[in-house]
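Summary of the model geometry
Each chain is listed here by its residues.
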Amino acid sequence: MTYEYLLLDIEENVATVTINRPPVNPLNTQVFKELSEVFAKLDDNDEVRAVILTGSGEKAFVAGADINEMAGLDLVGINKMNKVSRAVFSQIENATKPVIAALNGMALGGGFELALACDLRISSEKAKFAFPEVGLGIIPGGGGTQRLQKIVGQGVAKELLYFGEMFDAAKALELHIVNEVVSVDEVLSTAKEWAKKLASKPPVALQMLKLAVNTGSNTDIESGLIIESACFGNAFSTEDRKEGLNAFVEKRKPVYAGR
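In short, a report on the structure.

Parameters at a glance
Residues numbered from 1 in each chain as written. Predicted model: local features only at pLDDT ≥ 70, side-chain atom pairs only at ≥ 80, totals over all residues. Heavy atoms only, no water. Helix = DSSP H or I, 4+ residues; strand = E, 2+ residues; numbered from the N terminus. Rg over C-alpha atoms; globule rule 2.2 N^0.38 Å. Buried < 20%, exposed > 50% of the residue type's maximum accessible area, 1.4 Å probe, protein only. Contact = heavy atoms within 4.5 Å. Lys, Arg positive; Asp, Glu negative; His and termini not counted. Charge placed at Lys NZ, Arg CZ, Asp CG, Glu CD. Pairing = 2+ DSSP bridges. Axes fitted to C-alpha atoms, helices over the stretch in contact; angles between N-to-C directions. Arc of directions from axis to C-beta. Parallel < 35°, antiparallel > 145°, perpendicular 65-115°, else oblique. Left-handed = near helix turned anticlockwise from the far one by under 90°. Nonpolar A, V, L, I, M, F, W, Y, C, P; charged D, E, K, R; others polar. Patch = residues over 30% accessible without salt bridge, like charges linked within 9 Å, V, L, I, M, F, W, Y side chains within 5 Å. Areas by Shrake-Rupley, 256 points an atom, 1.4 Å probe, with all protein chains shown as cover. Salt bridge = Lys/Arg side-chain N within 4 Å of Asp/Glu carboxyl O.

**What to know about the overall build of the chain**
Tallying secondary structure elements over the chain gives 11 helices and 10 strands in all. For the chain, whose C-alpha radius of gyration is 19 Å, the value lies close to the compact-globule estimate of 18 Å for 259 residues. With the C-alpha coordinates of the chain rotated into their principal frame, the extents come out at 60 × 40 × 35 Å. Taken across its 259 residues, the chain has 44% of its residues classed as buried. Here the analysis covers contacts within the chain between residues at least 6 apart in sequence; of these, 69% occur between residues at least 24 apart. For the chain, the distance from the average position of its 27 positive side-chain charges to the average position of its 34 negative side-chain charges is 3 Å.

So, in structure tokens, the structure goes:
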């Protein structure tokens with residue numbers, strides 16, 4: 001299937017989704033629709049075991065929402081767009097496959113929110129980050145106020161959100177917003193290295209890990225432990241668990257079937 005604003009490449013069990021609206025890849029209703037469609041298809045594709053999400057060019061991963069589209073909307077229209085964006089970010093966050101954001105450039109506003117919805121983030125050393133919404137008389141509406149504070153804590157999140165100032169990749173690494181910072185020409189290759197490592201691991205166990213962490217972070221510790229126990233049982237009941245234990249005993253590399 002072809003998309004108007006997305007490029008899709010699948011190789012060695014890794015899917016790379018590129019948002020292609022140069023020069024800064026802004027998010028509009030059509031982009032959200034296509035992201036929802038492609039992630040639904042990737043979730044159903046057993047050959048895909050890890051996903052990379054990136055932007056075209058070196059200037060921006062995603063430099064926010066499409067202001068031209070937003071400016072023409074009334075309250076009903078913006079609420080409808082906001083509902084779509086939040087649903088897509090949650091869809092990516094809860095995808096059954098691990099999702100790596102390859103941050104080739106600026107991640108601002110909605111682009112920052114999109115990056116936070118991914119599991120892992122590899123950043124270019126030249127990338128910049130910000131939630132500039134307050135300077136426009138609005139606030140983040142795609143989960144930024146919630147996902148950011150889970151990573152950096154409430155105090156730091158308020159500082160970044162209230163002032164809306166731009167910060168660099170080194171600061172993002174210091175705050176644990178990104179997992180690694182590399183040179184511009186190494187962003188995608190590093191993301192692919194990470195994705196291939198994840199693709200070699202047992203898919204159900206990874207899915208259960210993601211479910212346990214994501215769900216557990218939104219509940220109390222006792223409920224989280226119950227969720228973890230259920231996910232542990234699901235992983236333990238798979239054929240991949242038998243393969244993993246047998247390979248360990250037999251001192252060989254396991255080959256996981258995803259069931």
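**Some details on the sheet that holds strand β1 (residues 6-11)**
The six strands are arranged β1-β2-β3-β5-β7-β10 in an open sheet whose pairing can be described as mixed. With one partner strand each, in any of the chains shown, β1 and β10 (180-182) form the two edges of the open sheet. Strand-to-strand twist across the sheet, computed as the mean angle between neighbouring axes with direction ignored, equals 20°. Here three bridges tie strand β7 (residues 120-124) to β10, and the two strands are oriented parallel to one another. Paired with S123 across the bridge in β10 is V181.

**Considering helix α5 (residues 144-152)**
Buried residues of α5: G144, R147, L148 and V152, and no others. Buried residues of α5 fall within an arc of 115° about the axis and therefore sit on the same side. Residues of α5 that are buried make contact with α3 (75-93), α4 (110-117) and α6 (154-163). Phi turns positive one or two residues past the end of α5, at G153, with a value near 90°.

**So, the packing of α5 against α6**
Running from amino to carboxyl end, α5 crosses α6 at an angle of 130°, the nearest separation of the two axes being 7 Å. Taken together, α5 and α6 sit at an angle that is classed as oblique. As α5 packs across α6, the resulting crossing turns out to be right-handed. Contacts from T145, L148, Q149 and V152 of α5 reach α6 at Q154, V156, A157, L160 and L161. Per-class residue counts for the contact of α5 with α6 are six nonpolar, three polar and no charged.

**Observations concerning the environment of E47**
If you trace the backbone, E47 turns up in the loop between α1 (29-44) and β3 (50-55). Each C-alpha atom of the pair E47 and L198 lies 13 Å from the other, and the pair is 151 residues apart in sequence.

**A word on a nonpolar patch on the surface**
Side chains of I67, L136 and I138 sit close together on the surface and give an oily, nonpolar patch of about 280 Å² of accessible area. Assignment of secondary structure puts I138 in the loop between β8 (128-130) and α5. For I138, a relative accessible area of 35% gives the class partly exposed.

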